[in-house]
Amino acid sequence: MASNKRVMNLREDLTCAICCDLFRDPVMLGCMHHFCKRCISTYWKNIRGPVPCPQCRQEFPSRQFQTNYLVAGLVDKVRASSSDGYVKNVEKQLKETLESQRSKREDYISMIRKDKEKVDALKKVGAELQERIRADFYALHSFLQEEEASLLEQLRREQEEWEQVLQRHLEVLKGAVREVERAVGALQQAADTMDTSVLVELPDLNSRSSLQLGEGQDFDCNVFSSKYVAPIQYATWRKMFQVLKPGPAPVTFDEDTAHPSLILSRDRTSVVELQEMQPYPRLPKRFVQCVNVLGAQGFASGRHYWEVAVGTKPKWDLGVALEAVDRQARVKLCPENGYWTLRLRCGNQYSAGTQPWTPLRLVAHPRRVGVFLDFEERRVSFYDADDMTLLTSFCDGPRGKALPFVSTCVTDPGQRTQPMRFVHLPVEFL
Ligand SMILES: [Zn+2]
Ligand SMILES: [Zn+2]
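Just so you know, these numbers come straight off a predicted model, no measurement behind them. (Residues numbered from 1 in each chain as written. Chains lettered and ligands numbered in written order. Predicted model: local features only at pLDDT ≥ 70, side-chain atom pairs only at ≥ 80, totals over all residues. Heavy atoms only, no water.)

**Some details on the nonpolar core**
Working step 1: Counting residues in each nonpolar core, the largest one holds 44 residues, and the members touching the most others are Trp 306, Trp 316, Leu 318, Phe 382 and Val 406.
Working step 2: For this core, the element with the highest residue contribution is strand E10 (residues 316–322), accounting for five residues.
Working step 3: In this structure, Trp 316 is in contact with Val 310, Leu 342, Arg 343, Leu 344, Arg 345, Tyr 350, Val 369, Ser 407, Thr 408, Cys 409 and Met 420, ignoring residues within four places of it in sequence.
Working step 4: Within the second largest apolar cluster, 18 residues are counted, among which are Leu 14, Trp 44, Val 71 and Val 78. (Core = buried A, V, L, I, M, F, W, Y, C linked by side-chain atoms within 4.5 Å. Buried < 20%, exposed > 50% of the residue type's maximum accessible area, 1.4 Å probe, protein only. Helix = DSSP H or I, 4+ residues; strand = E, 2+ residues; numbered from the N terminus. Contact = heavy atoms within 4.5 Å.)

**Remarks on the coordination of the zinc ion (ligand 1)**
Working step 1: Around the zinc ion (ligand 1), the protein contributes the donor atoms Cys 16 (SG), Cys 19 (SG), Cys 36 (SG) and Cys 39 (SG), at 2.2 to 2.4 Å from the metal centre.
Working step 2: Of note is the zinc ion (ligand 1), whose four donor atoms meet at the metal with angles of 101 to 120° in an arrangement that counts as tetrahedral.
Working step 3: We note that the donor set of the zinc ion (ligand 1) lies within a single chain, spaced as C-x2-C-x16-C-x2-C.
Working step 4: Under the relative-accessibility criterion, Cys 36 is labelled buried at 4%. (Donors = N, O, S within 2.8 Å, 3.2 Å for Na, K, Ca; no water. Tetrahedral: all angles 85-135°; square planar, octahedral: opposite > 155°, others 65-115°.)

**Some thoughts on the UniProt feature "coiled-coil region" (unreviewed entry) in the chain**
Working step 1: Within this numbering scheme, the UniProt entry marks residues 112–190 as carrying the feature "coiled-coil region" (unreviewed entry).
Working step 2: With 100% helix and 0% strand, the stretch residues 112–190 has end C-alpha atoms that lie 114 Å from each other. (UniProt positions renumbered as here; feature names shortened; annotations may be inferred.)

**Brief notes about the domain arrangement of the chain**
Working step 1: Split by domain assignment, the chain resolves into domain 1 (1–82), domain 2 (111–196 + 218–245) and domain 3 (253–423).
Working step 2: The distance between the C-alpha centroids of domain 2 and domain 3 comes to 46 Å. (Domains from an automatic or database assignment.)

**Quick notes on unusual backbone geometry**
Working step 1: Residues Lys 245 and Pro 246 are joined by a peptide bond in cis, for which omega reads -5°.
Working step 2: Positive phi values are uncommon outside glycine, yet Cys 409 reaches one of about 65°.
Working step 3: Along the chain, Cys 409 turns up in the loop between strand E17 (402–407) and strand E18 (420–422).
Working step 4: For Cys 409, a relative accessible area of 7% corresponds to the buried category.

**Concerning the packing of helix H4 (residues 84–193) against helix H7 (residues 232–242)**
Working step 1: Where H4 contacts H7, the two axes come as close as 11 Å, and the packing angle between them is 130°. In terms of axis orientation, H4 runs oblique to H7. Between H4 and H7 the crossing geometry is right-handed. Taken together, the residues of H7 that come into contact with H4 (itself represented by Leu 140, Phe 143, Leu 144, Glu 147 and Leu 151) are Ile 232, Thr 236, Lys 239 and Met 240.
Working step 2: Taken together, the residues of the contact of H4 with H7 break down into six nonpolar, one polar and two charged. (Axes fitted to C-alpha atoms, helices over the stretch in contact; angles between N-to-C directions. Parallel < 35°, antiparallel > 145°, perpendicular 65-115°, else oblique. Left-handed = near helix turned anticlockwise from the far one by under 90°. Nonpolar A, V, L, I, M, F, W, Y, C, P; charged D, E, K, R; others polar.)

**Overview of the coordination of the zinc ion (ligand 2)**
Working step 1: Binding of the zinc ion (ligand 2) to the protein goes through Cys 31 (SG), His 33 (ND1), Cys 53 (SG) and Cys 56 (SG), at separations of 2.1 to 2.3 Å.
Working step 2: For the zinc ion (ligand 2), the four donor atoms in the first shell make angles of 106 to 113° at the metal, so the coordination geometry reads as tetrahedral.
Working step 3: All donors to the zinc ion (ligand 2) come from one chain, and their sequence spacing reads C-x1-H-x19-C-x2-C. With a gap of 22 residues between them, Cys 31 in the loop between strand E1 (26–28) and strand E2 (34–36) and Cys 53 in the loop between strand E3 (51–52) and strand E4 (59–60) connect regions that are remote in the sequence. Grouping residues by exposure puts Cys 31 and Cys 53 together as buried.

**As for helix H2 (residues 37–45)**
Working step 1: By the burial criterion, the buried members of H2 are Cys 39, Ile 40 and Trp 44. One face of H2 carries all of its buried residues, which in axial projection span an arc of 120°. Counted as exposed and oriented over 90 degrees from the buried face of H2: Arg 38 and Lys 45.
Working step 2: Of the surrounding secondary structure, the elements contacted by the buried residues of H2 are E1, E2 and E3. (Arc of directions from axis to C-beta.)

Structure representation (structure tokens):
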């Protein structure tokens with residue numbers, strides 16, 4: 001708008017006062033006023049003697065003017081900017097700019113909407129996570145509070161029982177003292193008077209001397225306290241470990257699913273690849289194409305966690321597989337085919353089991369991998385079990401029964417085979 005106004009002012013400045021149109025061949029008089037060459041010539045045509053300026057009335061003795069090329073150039077520019085083609089072009093450019101600005105505005109608005117949706121989603125997820133974290137810690141706090149209360153109650157009761165025992169013991173002893181004093185008095189009196197009737201009663205006095213003192217006699221404060229002066233935190237922590245939800249599940253391998261060139265340990269917690277296939281019963285649930293094996297424990301609901309020790313083995317796949325996976329075919333490991341896996345190749349190339357593979361940049365090389373299967377959130381997550389760093393996570397986890405999955409992969413020529421093992425806490429630990 002401002003530039004439009006400037007054009008209008010310029011147009012006025014370049015307008016001839018005689019024909020009221022833009023200058024044609026503008027000329028300048030001695031008074032510096034401009035007119036069209038033809039307009040001023042016509043104006044002066046019938047005048048005799050000195051000629052005046054039509055604008056300021058200054059008179060000039062001769063009909064002289066100067067052609068002003070600068071003004072002529074400006075007039076040409078203003079005229080061109082008023083032409084139809086020029087205006088249409090400007091209109092077109094304006095329209096296009098307007099359109100592009102509008103679409104830019106739409107883009108920004110939609111980005112803002114998306115950002116707001118993300119913020120809302122983040123707040124919602126954050127609130128849900130807070131609830132979950134609170135619930136998890138509440139369970140631990142409750143366990144600890146209950147353990148503390150129960151131990152204090154046990155101490156209180158035992159102390160009270162011993163107090164009662166000792167009180168009874170005290171009473172018995174006091175009674176005995178009184179009785180002995182009575183006997184001493186009687187004997188004293190008999191001695192003084194030589195009353196022989198007392199002597200008749202003597203055996204009776206002696207028989208009363210065996211007192212029923214009860215267990216108070218045996219109370220030992222050291223024995224009592226050593227029961228409670230114990231590594232209480234460790235003892236409680238061990239108990240707490242067993243109620244963790246989920247705690248590490250002691251899963252084992254299902255021999256009937258193992259590829260014929262895999263061999264399991266006797267306790268079925270460890271699997272290793274053999275150089276040659278061994279004779280095997282043909283079972284529909286056995287993997288025959290890939291060196292895979294499943295866990296014996298299947299899960300269909302809730303939350304589960306187990307750990308697989310991989311050591312320094314340079315090549316493996318592990319995770320979760322649907323019970324329904326095809327054991328007879330060679331399939332790619334991805335959620336679409338019923339596998340949620342973490343993969344290692346060449347000793348340092350970790351990937352998440354998607355198609356195509358999603359490479360992961362891990363700082364450390366996990367020796368033990370934790371697998372977390374959460375049916376409530378439909379999530380499968382992998383952790384470095386040493387420090388519980390999250391390695392990767394799938395949020396489209398299994399529906400239906402799923403089992404722990406391990407593939408030793410075929411060992412490269414010249415490399416030694418290494419076992420993979422489900423981590424169980426030693427029995428003596430629990
Ligand atoms: Zn004119
Ligand atoms: Zn003038």
